[in-house]
Amino acid sequence: MTEKTLAIIKPDAVKKNIIGRIIQRIEDEGFKIAAMKMLHLTKDEAKGFYIVHKSRPFYEDLTNFMSSGPAIVMTLERDDAIAHWRQVMGATDPAQAKPGTLRREFGFSVERNATHGSDARETAEWEIAYFFKK
Ligand code: DAT
Ligand code: MG
């Protein structure tokens, strides 16, 4: 069933000049890019986006990193988009991610892991609405 997910090319990947390679992979995997923009999140916007992690020890570092430079946010559409995009990204920690996944290929650390993807239907809806008005 066609589904939407929110993807982010995080500031580490934008800095490394690999936006094009990640977008190529997205297209090769059969996703339609339904919406896309580049933006430099403020610290407050990063905190709002990751509010679910507010009591985690990494919240401060994560939101500093996510507001450290421009990022690309996208709505991706495909059959089973949420699970498929997470599979293409690989595990949160690039060292644990399978060969061929984006995080394995382009991630540097569990924090600087190149990409974001929604983890469930409800979070995808919330995350898409966070960046794209209807
Ligand atoms: P994911 O991005 O795979 O959905 P998550 O939702 O558990 O992972 O965490 C969100 C982001 O927070 C993750 O992409 C990077 C950061 N993060 C998670 N666990 C971390 C940790 N143990 N140390 C530092 N950063 C972490
Ligand atoms: Mg997550």
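Before any of the text, the structure's been laid out above.
Reference entry: report on the structure contained in this document. Values in this document were obtained by computation on a predicted structure and should not be read as measured data.

## Looking at the nonpolar core
No. 1: Among the nonpolar cores identified, the biggest contains 19 residues, and Ile9, Ile22, Ile26, Met74, Leu76 and Trp85 are the most heavily contacted of them.
No. 2: Tallying contributions element by element places helix H5 (residues 81-89) first for this core, with four residues.
No. 3: Core analysis: the next-biggest nonpolar cluster, separate from the first, contains 16 residues, Ala46, Ala71, Val73 and Phe131 among them.

## A word on the pattern of salt bridges
No. 1: What the rule picks out here adds up to six salt bridges.
No. 2: Among the salt bridges present, the one from Glu105 reaches Arg21, with a minimum N-O distance of 3.9 Å. Of this pair, Glu105 sits in helix H6 (residues 102-106) while Arg21 sits in helix H2 (residues 19-28); the two residues are 84 residues apart in sequence, bridging distant segments of the chain.
No. 3: A salt bridge links Glu111 to Arg112; the shortest N-O distance between them is 3.5 Å.
No. 4: For Arg112, a relative accessible area of 34% translates into the label partly exposed.

## Quick notes on the side chain of Thr75
No. 1: Mapped onto the elements of the fold, Thr75 is located in strand S3 (residues 71-79).
No. 2: Under the relative-accessibility criterion, Thr75 is labelled buried at 4%.
No. 3: Those residues in contact with Thr75 that sit more than four places away from it in its chain are Lys4, Thr5, Lys32, Ile33, Ala34, Ala35, Ile128 and Phe132.

## Things to note about the site of ligand 1
No. 1: What surrounds ligand 1 is the set Lys10, Tyr50, His53, Phe58, Leu62, Arg86, Thr92, Arg103, Val110 and Asn113.
No. 2: One of the side-chain N or O atoms of His53 is found 3.0 Å from an oxygen atom in ligand 1.
No. 3: At 3.1 Å, a side-chain N or O of Arg86 approaches an oxygen atom of ligand 1.
No. 4: Protein contact buries 75% of the 520 Å² of open area that ligand 1 shows by itself.
No. 5: Of all the cavities here, the one that holds ligand 1 is the largest pocket.
No. 6: For the shell around ligand 1, a count of residues per class yields four nonpolar, three polar and three charged.

## Considerations on the layout of surface pockets
No. 1: Here the largest pocket is characterised by a volume of approximately 530 Å³.
No. 2: Forming the walls of the largest pocket are 23 residues, and the residues nearest its centre are Tyr50, His53, Phe58, Leu62 and Thr92.
No. 3: Every element with two or more residues in the lining of the largest pocket is listed here: helix H4 (59-66), H5, strand S4 (115-117) and helix H7 (121-131).
No. 4: Top element by residues in the lining of the largest pocket is H7. It accounts for three residues.
No. 5: In terms of residue class, the lining of the largest pocket is made up of eight nonpolar, seven polar and eight charged.
No. 6: If you add up the space inside the second largest pocket, you get close to 230 Å³.
No. 7: Of all the secondary structure elements, the ones that give two or more residues to the lining of the second largest pocket are strand S2 (32-39) and H7.
No. 8: The biggest single contributor to the lining of the second largest pocket is H7, with three residues.

The rules behind each value
Residues numbered from 1 in each chain as written. Chains lettered and ligands numbered in written order. Predicted model: local features only at pLDDT ≥ 70, side-chain atom pairs only at ≥ 80, totals over all residues. Heavy atoms only, no water. Core = buried A, V, L, I, M, F, W, Y, C linked by side-chain atoms within 4.5 Å. Buried < 20%, exposed > 50% of the residue type's maximum accessible area, 1.4 Å probe, protein only. Helix = DSSP H or I, 4+ residues; strand = E, 2+ residues; numbered from the N terminus. Salt bridge = Lys/Arg side-chain N within 4 Å of Asp/Glu carboxyl O. Contact = heavy atoms within 4.5 Å. Near = heavy atom within 4 Å. Polar contact = N/O pair within 3.5 Å; in protein donor to acceptor, adjacent residues only side chain to side chain. Areas by Shrake-Rupley, 256 points an atom, 1.4 Å probe, with all protein chains shown as cover. 1 Å grid on protein atoms, 1.4 Å probe; cavity = no way out; pocket = protein on both sides within 12 Å on 5 of 7 lines; lining within 4 Å. Sits in = over half its atoms within 2 Å of the grid points. Nonpolar A, V, L, I, M, F, W, Y, C, P; charged D, E, K, R; others polar. Points joined across faces, edges and corners; volume = space filled by probe spheres on them.

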